[in-house]
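Commentary on secondary and tertiary structure
Spelled out from the first residue to the last, the chains are:
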Amino acid sequence: MLRLEFLFTLAQALDDALVKAPPMGYNSWNHFGCTLNQEELSKTAASLKDLGFLELGYRYFVLDDCWMAKTRGVTLEADSNAFPSGIKDFGQKLHEMNFLFGIYTCRGVSTCEGRPSSRDHEEADAKAFAEWEVDFVKNDACWDPDCGPEQPTVPGSGICDIEGRRKAVLRYQRMKDAMNRTGRPMVHSLAGWQPWFAVVGSQLAHMWRVGADVKDWDGVYEATRIMEQLREYHGAQGWNDPDMLLGSSRGATLKLTPLQSRAQFSLWALMPAPLMLGANVLELSPYDALTYSNLEAIEINQDPLVTPAEVVYHNCPPYPRFVMGQRADGAPEFELHTNGVQDPGVVCGAHTAPNCPACCQGHGEGWCHGECEWLGERGNGNPDDDQNCVLSEKAKKKPAAENNPNPWQRKDLKESSMHQCQQVWVRRLTNGQVALVAVNFASKAATVDLPLSQLRLPWGDETPSILWDVWHVAKAPEQVHGHLKLALEANGGHYMLKLEQKSTQEDLPAKDFKEVSLRASLQMPSDPLVNGSVQGTGTMTEFVMGGFLPITNDGTGAWSIFALLLLVPAVLWFCRGQSKSPHRLD
């Protein structure tokens, strides 16, 4: 009967209108890790509100691992050192600031940091969350004996075959059902780290992680290779989650360069993916503040037409193709097609190689690590021969890639040498516009020559189009003979563009003219953030493909070319010493 009830409830997708657009908010992990502190977290929430992020839509304030005490009672309890006034009191203070309160638990025998989890306590903990007026529950996947890393005390652990996947789904189903029985609307966010959660995600939760943690630029690249394959499982009833946003501000445990952090935000906004800030908000740089407060990018992310973005151009190496489905008992089916990808070989420690002897590269024992072990004198008699580096007994028992219990990643394919390439993503918007993001993952600058026909514009590629850059860079891409030429800087160079149909320049409707802040494009440090947008007195131009069109302050007509030529160089000269272009970073 349990199996039949499980199958009936699993078949029903969540449709409670909580996440008709991707959730936006803040998560504590990248900044605080396991050192949560009520006072510093309160300052973080106040800073988010003062900077205008709450008004922009960043509503969820989520506590990650380590909010709970090291032992549990009937329910999870707050760490009294971290939260001396209690977890419910902290949540109430967030609500008084108009944030929504998020909390963390795990389906495994403990959390990732070894704190108590909700495993076998789903009912009690869900009731406690509701009593504390929690609005968002992140449900992690660490230390699951049925579908997780090997645990020495648990025979048979260390694999996630189809039976393990079925049990993992059932664990999340239990928490979902327990949360529903409380009667309190709560977003259920799965951190299962596997692409196959996309198949069942909307039956269990509102958002679900589909890969390993994004910790660096290599991780951003791999997240895009995963997300590009999961479009059919993405939409208003739930969202594939490529992980939180890495800022570039100092103080956070994980961060990117400023250029890379803005490229990541552009991609996530377009996909569209949940926008969960992982930056150190207390030391947020003006650059990161401008990145995350860009209203046009946020509007693209929250656009009611939830058709997922698609990759229309890339020159990246092949990546394994996911073949997924769902069995009658609810278990996610997951197969990998090589898609021309070479065997990953072995993990040597910090690098990979086709086999263990190749790990050493002439360095001998010092480079024989990871899945390999050094035989030395137990080997062929020559202690310096790389052939003494052999596959370890543990590695010989490693499960097939489809059954890997660890977070999904291909270390060999996300190394820097494997992403010397560019991508272009495109998405249609409700108002008839088309949004585009082009990103350079390579370590050298590149130019993408993109035929407009590849964009599949609703109005065709023969009709002229209005074109402007969401980041308001000083130079628009060129349009030459039906091609869009995108010059991209190295290591994160990008464009985020919006295109709209235009009949003739003369009859362009007033709604197509938009005033944007020149100060925003020049990133002047003195600019205050008011209501989430940068305030300034200057104006910028929107670019029209094949040229540019100057815009008046009231948006009703164009300045003369003569006046524009006089004004723009003067303003740029004045600001030159105080600012730097978003695409010219130190």
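I will try to describe carefully the structure that is included in this document. This is a predicted model, so every value here is computed, not measured.

The rules behind each value
- Residues numbered from 1 in each chain as written.
- Predicted model: local features only at pLDDT ≥ 70, side-chain atom pairs only at ≥ 80, totals over all residues.
- Heavy atoms only, no water.
- Helix = DSSP H or I, 4+ residues; strand = E, 2+ residues; numbered from the N terminus.
- Contact = heavy atoms within 4.5 Å.
- Polar contact = N/O pair within 3.5 Å; in protein donor to acceptor, adjacent residues only side chain to side chain.
- 1 Å grid on protein atoms, 1.4 Å probe; cavity = no way out; pocket = protein on both sides within 12 Å on 5 of 7 lines; lining within 4 Å.
- Points joined across faces, edges and corners; volume = space filled by probe spheres on them.
- Nonpolar A, V, L, I, M, F, W, Y, C, P; charged D, E, K, R; others polar.
- Pairing = 2+ DSSP bridges.
- Axes fitted to C-alpha atoms, helices over the stretch in contact; angles between N-to-C directions.
- Parallel < 35°, antiparallel > 145°, perpendicular 65-115°, else oblique.
- Left-handed = near helix turned anticlockwise from the far one by under 90°.
- Core = buried A, V, L, I, M, F, W, Y, C linked by side-chain atoms within 4.5 Å.
- Buried < 20%, exposed > 50% of the residue type's maximum accessible area, 1.4 Å probe, protein only.
- Salt bridge = Lys/Arg side-chain N within 4 Å of Asp/Glu carboxyl O.

Here the focus is the environment of Arg-165. Within the element layout of this structure, Arg-165 appears in helix H7 (residues 162-182). Along the backbone, Arg-165 and Pro-405 are 240 residues apart, and their C-alpha atoms lie at a distance of 9.5 Å. The contact partners of Arg-165, leaving out residues within four places of it in the chain, are Cys-160, Trp-196, Pro-332, Glu-333, Phe-334, Glu-402 and Asn-403. For Arg-165, the side chain forms a polar contact with the main-chain oxygen of Glu-402, separated by 3.3 Å.

This brings us to the layout of surface pockets. Approximately 1,200 Å³ is the volume attributed to the largest pocket. Of all the elements in the fold, those that place two or more residues in the lining of the largest pocket are strand E11 (332-337), strand E12 (346-347), helix H14 (393-396) and helix H15 (411-414). Class assignment of the residues belonging to the lining of the largest pocket gives a composition of 15 nonpolar, 12 polar and nine charged. Roughly 700 Å³ of internal volume is contained in the second largest pocket. Its residues assigned to classes, the lining of the second largest pocket comprises 15 nonpolar, six polar and 14 charged.

This part takes up the sheet that holds strand E7 (residues 239-241). Strand order in the open sheet formed by eight strands is E7-E6-E5-E4-E3-E2-E1-E8, with parallel pairing between adjacent strands. Because the sheet does not close on itself, it has two edges, and the strands there are E7 and strand E8 (275-277). Across this sheet, the average inter-strand angle for adjacent strands is 25°, counted without regard to direction. Pairing geometry for strand E2 (residues 60-62) and strand E3 (residues 100-106), over three bridges, is parallel. Bridge pairing in E3 places Tyr-60 opposite Leu-100. The sheet strands contacting H7 are E3, strand E4 (136-140) and strand E5 (187-190), and the helix crosses E5 at an angle near 170°.

Counted according to the given criterion, the structure contains seven cavities of 30 Å³ or more. Lining the largest cavity are 14 residues, and of these Asn-27, Lys-138, Met-207, Asp-241 and Met-244 sit closest to its centre. Elements with a contribution of two residues or more to the lining of the largest cavity: E4, E5 and strand E6 (207-209). Residue classes in the lining of the largest cavity are distributed as eight nonpolar, two polar and four charged. Here the second largest cavity is characterised by a volume of approximately 80 Å³. Lining of the second largest cavity is provided by 14 residues; of these, Gly-211, Ala-212, Gly-219, Ala-223 and Ile-226 occupy positions nearest its centre. Ranked by the residues each element gives to the lining of the second largest cavity, the list is headed by helix H9 (residues 217-227), at five residues. Among the residues making up the lining of the second largest cavity, the classes are represented as eight nonpolar, three polar and three charged.

Moving on, we get to the sheet that holds strand E20 (residues 478-480). Sheet strands line up and pair through hydrogen bonds in the backbone, either parallel or antiparallel. Here we have three strands laid out as an open sheet, ordered E18-E21-E20, and antiparallel in their pairing. What marks the edges here is a single partner per strand, and that holds for strand E18 (446-451) and E20. Neighbouring strand axes in the sheet, compared pairwise and without regard to direction, differ in orientation by 25° on average. Relative to strand E21 (residues 483-488), E20 is paired through three bridges, and the arrangement is antiparallel. Within the sheet, the bridge partner assigned to Glu-478 lies in E21 and is Lys-485.

Moving on, we get to the packing of helix H6 (residues 122-131) against H7. At a closest axis distance of 8 Å, the pairing of H6 and H7 adopts a crossing angle of 40°. With respect to each other, H6 and H7 are oriented oblique. Of the two possible hands of crossing, H6 and H7 adopt the one that is right-handed. Seen from H6, the contacting residues are Glu-122, Glu-123, Ala-126, Lys-127, Phe-129 and Ala-130; seen from H7, they are Arg-171, Arg-174, Met-175, Ala-178, Met-179, Arg-181 and Thr-182. Of the residues contributing to the contact of H6 with H7, the split by class is six nonpolar, one polar and six charged.

Before going further, it helps to examine the nonpolar core. Counting 107 residues, the largest nonpolar core has Tyr-58, Phe-61, Trp-67 and Phe-129 as the members making the most contacts within it. Look past the residues within four positions of Trp-67 in its chain and what remains in contact with it is Leu-36, Leu-76, Glu-77, Ala-78, Asp-79, Phe-83, Ile-87, Ile-103, Tyr-104, Phe-129 and Trp-132.

With that settled, the discussion passes to the pattern of salt bridges. The full count for this structure, using the stated rule, is 26 salt bridges. Here Asp-329 makes a salt bridge to Arg-327, at a shortest N to O gap of 2.6 Å. By relative accessible area, Asp-329 is classed as buried at 13%. Residue class for Arg-327 comes out partly exposed when judged on its relative accessible area of 30%.

Below, the discussion takes up unusual backbone geometry. The peptide bond linking Met-271 to Pro-272 adopts the cis configuration, its omega dihedral lying at -10°. With respect to the helices, strands and loops of the structure, Pro-272 is situated in the loop between helix H10 (258-270) and E8. Phi at Cys-66 is positive, roughly 85°, even though this residue is not glycine. You can see Cys-66 is positioned in the loop between E2 and helix H5 (87-96). Exposure remark for Cys-66: the relative accessible area of 2% places this residue in the buried category. Positive phi, close to 65°, is recorded for Trp-193, a residue that is not glycine.

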